[in-house]
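This is what each chain is made of:
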Amino acid sequence: MADFQFIVSRFITDKDFLHALPYGEGHINDTYSVCLQDDEGVITRIILQRINHYVFKDPVGLMNNIVGVTTFLKEKIAAEGGDPERETLTVIPTTTGEYFYKDGEGNYWRVYKFIENALTYQSCRNAEDFYNCGISFGKFQQMLSDYDTTKLVETIPDFHNTVKRFEALKQAINEDKAGRAGLVQEEIRFALEREKDAGALVELLESGKMPYRVTHNDTKLNNILIDKKTGKGICVIDLDTVMPGAACYDFGDSIRFGASTAAEDETDLSKVSMSLELFEVFAKGYLSVAREFLTPVEFESLAIGAKIMTFECGIRFLTDYLNGDVYFKIHREHHNLDRCRTQFKLVQDMEQKMGLMQEIVKKYR
Ligand code: ADP
Ligand code: GN1
Ligand code: MG
């Protein structure tokens, strides 16, 4: 068990440590909400995170990315009359001015201001929430459209290179490290049948037909803080994967998670489908901002991007299952297989609804 009091004292010295509690439902980092008390007895919270350095091999570059992007966003938010402390993350440095603290075991810790009176959701409470998320992710891309990409390191190389993800799956099948390939023949077949789909977005980007933008790359519903009072998306969080990418990565990943009628790890697949109603509200919100800057090819890529992001995520869960659950945190046996199955069910559903999804995008162009 980490010595939270000591770790926090590397960042904050003018408040007393009360306690640290595990927080959130992320699959990658370890997140804690930490309560502190000042001399007057006022209690405040901070977010303490242990960066997963198995996943993020360059925590120094990663933190430089986050500080660079949030500093840039803060200036824009302030210029637009917004609240820079609430509408983007604030990194609290260590007492010696570093953006993380490395403990004796080689763990990297970072601290953010806690954005209060805001919540994250694991599924949509209502359509309006999702509409507001669409606006927020659209604005995020818009605000970063003139960010100098040469300042960004690729925190996970080829993160959304679906072709390479597919190769990794094939390797995992061949190696069968955990001896599970026999259990997932149906899922393997489902993936292999769709190999040709993996290249669609990569080809558009690499041929220059579709531009690289600064994208978030992990636009799950629980990576956006929603204001408790107004229901509006106020802050895009989890900035570890901000890197150059395709606009449809963010659109697609939002649909993958937020437009699903069930949880990502639902075991009753009859509950899993992609809601066209939720697809439409998200598209309406996102495009109300993004229609200003998207190229025709990018518009065309949105619906297909939703399918490919979902397929890619399914492949990644399956690969991790075959490799013995080394990447995503799991909370039960076969958790990654359950996650893979929901993604493949969504892919199947999207294949049937693709025409309607394309029509919806056209409506808000
Ligand atoms: P992971 O990479 O593991 O997904 P996140 O950075 O998304 O980690 O954080 C996990 C959860 O912690 C989020 O879903 C959100 O609920 C909460 N959270 C993270 N940062 C903040 C913050 N600055 N203020 C309030 N809540 C936060
Ligand atoms: C991970 O960190 P979190 O839980 O927001 C993953 C995403 C996946 C997602 C699936 C760095 O996101 O790429 O889409 O799980 N993040 C990383 O739920 O791999
Ligand atoms: Mg997250």
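Right, let's walk through the structure included here. Computed from a predicted structure; not experimentally measured. (Residues numbered from 1 in each chain as written. Chains lettered and ligands numbered in written order. Predicted model: local features only at pLDDT ≥ 70, side-chain atom pairs only at ≥ 80, totals over all residues. Heavy atoms only, no water.)

Looking now at the site of ligand 1. Neighbouring ligand 1 are 20 residues; Gln 49, Thr 120, Asn 222, Asn 223 and Asp 238 lie closest to it. The contact in question runs from an oxygen atom of ligand 1 to an N or O atom on the side chain of Asn 29, over 3.1 Å. Between an oxygen atom of ligand 1 and a main-chain N or O atom of Asn 222, the distance comes to 2.8 Å. A total of 550 Å² of accessible area belongs to ligand 1 in isolation, and the protein chains cover 96% of it. In this structure the site holding ligand 1 corresponds to the largest pocket. Breaking the shell around ligand 1 down by element, the ones donating at least two residues are strand 3 (43–51) and strand 6 (108–113). (Near = heavy atom within 4 Å. Polar contact = N/O pair within 3.5 Å; in protein donor to acceptor, adjacent residues only side chain to side chain. Areas by Shrake-Rupley, 256 points an atom, 1.4 Å probe, with all protein chains shown as cover. 1 Å grid on protein atoms, 1.4 Å probe; cavity = no way out; pocket = protein on both sides within 12 Å on 5 of 7 lines; lining within 4 Å. Sits in = over half its atoms within 2 Å of the grid points. Helix = DSSP H or I, 4+ residues; strand = E, 2+ residues; numbered from the N terminus.)

Right, let's get into the sheet that holds strand 9 (residues 224–227). If you trace the 3 strands from one edge of the open sheet to the other, you get 7-9-10, paired in antiparallel fashion. The open sheet terminates on both sides in strands that have one partner only, identified here as strand 7 (118–119) and strand 10 (233–236). Note: strand 9 against strand 10, 3 bridges, orientation antiparallel. From the neighbouring strand, Ile 224 faces strand 10, where its bridge partner is Val 236. (Pairing = 2+ DSSP bridges.)

What follows concerns the coordination of the magnesium ion (ligand 3). Around the magnesium ion (ligand 3), the protein supplies Asn 223 (OD1) and Asp 238 (OD) as donor atoms, at distances of 2.1 to 2.2 Å. In this pair, Asn 223 sits in the loop between strand 8 (213–215) and strand 9 while Asp 238 sits in the loop between strand 10 and strand 11 (243–245), placing the two residues 15 residues apart along the sequence. A relative accessible area of 5% means that Asn 223 is categorised as buried. (Donors = N, O, S within 2.8 Å, 3.2 Å for Na, K, Ca; no water. Buried < 20%, exposed > 50% of the residue type's maximum accessible area, 1.4 Å probe, protein only.)

Our next topic: the packing of aromatic side chains. Tallied over the entire structure, the rule returns 17 aromatic pairs. Between Phe 4 and Tyr 32, the ring centres sit 4.5 Å apart and the planes meet at 55°, which makes this aromatic pair tilted. One end of the pair, Phe 4, is in helix 1 (residues 4–9); the other, Tyr 32, is in strand 2 (residues 30–37), and 28 residues separate them in sequence. Judged by its relative accessible area of 16%, Tyr 32 falls in the buried class. With centroids separated by 4.8 Å and ring planes inclined at 70°, the aromatic side chains of Tyr 327 and Phe 328 adopt a geometry described as edge-to-face. For Lys 57, the ring lying beneath its charged end belongs to Tyr 54, and the centroid distance is 4.5 Å. (Phe/Tyr/Trp six-rings, centres within 6.5 Å; stacked < 30°, edge-to-face > 60°. Lys NZ or Arg CZ within 6 Å of the ring centre and 35° of its normal.)

What follows covers the site of ligand 2. Surveying the vicinity of ligand 2 reveals 18 residues, the closest of which are His 27, Lys 220, Glu 264, Arg 316 and Tyr 327. Between ligand 2 and the protein, one listed contact pairs an oxygen atom with a side-chain N or O atom of Asn 223 at 3.1 Å. Within the side chain of Asp 238, an N or O atom sits 3.0 Å from an oxygen atom of ligand 2. Protein contact buries 97% of the 450 Å² of open area that ligand 2 shows by itself. The pocket occupied by ligand 2, as judged from atoms lying within 2 Å of grid points, is the largest pocket. Ranked by the residues each element gives to the shell around ligand 2, the list is headed by helix 9 (residues 296–322), at 3 residues. For the shell around ligand 2, a count of residues per class yields 8 nonpolar, 4 polar and 6 charged. No fewer than three residues from each of domain 1 (4–116) and domain 2 (127–363) sit in the shell around ligand 2. (Nonpolar A, V, L, I, M, F, W, Y, C, P; charged D, E, K, R; others polar. Domains from an automatic or database assignment.)

So, on to the packing of helix 4 (residues 162–175) against helix 9. Helices that pack against each other are described as a pair by the angle of their axes relative to one another and the distance between those axes. Where helix 4 meets helix 9, the axes come as close as 9 Å, and the angle between the chain directions of the two elements is 25°. The orientation of helix 4 with respect to helix 9, classified from their angle, is roughly parallel. The two elements helix 4 and helix 9 cross, and the hand of that crossing is left-handed. Counting all contacts with helix 4, which are made through Thr 162, Arg 165, Phe 166, Ala 168, Leu 169, Ala 172 and Ile 173, the residues of helix 9 involved are Ile 308, Phe 311, Glu 312, Ile 315, Arg 316, Leu 318, Thr 319 and Leu 322. Looking at the contact of helix 4 with helix 9 residue by residue, the class counts come to 10 nonpolar, 2 polar and 3 charged. (Axes fitted to C-alpha atoms, helices over the stretch in contact; angles between N-to-C directions. Parallel < 35°, antiparallel > 145°, perpendicular 65-115°, else oblique. Left-handed = near helix turned anticlockwise from the far one by under 90°. Contact = heavy atoms within 4.5 Å.)

Within the secondary structure layout, Arg 194 lies in the loop between helix 5 (185–193) and helix 6 (200–206). Residue Arg 194 is classed as buried on the basis of its relative accessible area, which comes to 11%. Of the polar contacts made by the side chain of Arg 194, one reaches the side chain of Glu 193; its length is 3.4 Å. Polar side-chain contacts of Arg 194 include one of 2.8 Å to the side chain of Glu 351. Setting aside residues up to four positions removed in sequence, Arg 194 forms contacts with Phe 311, Val 347 and Glu 351.

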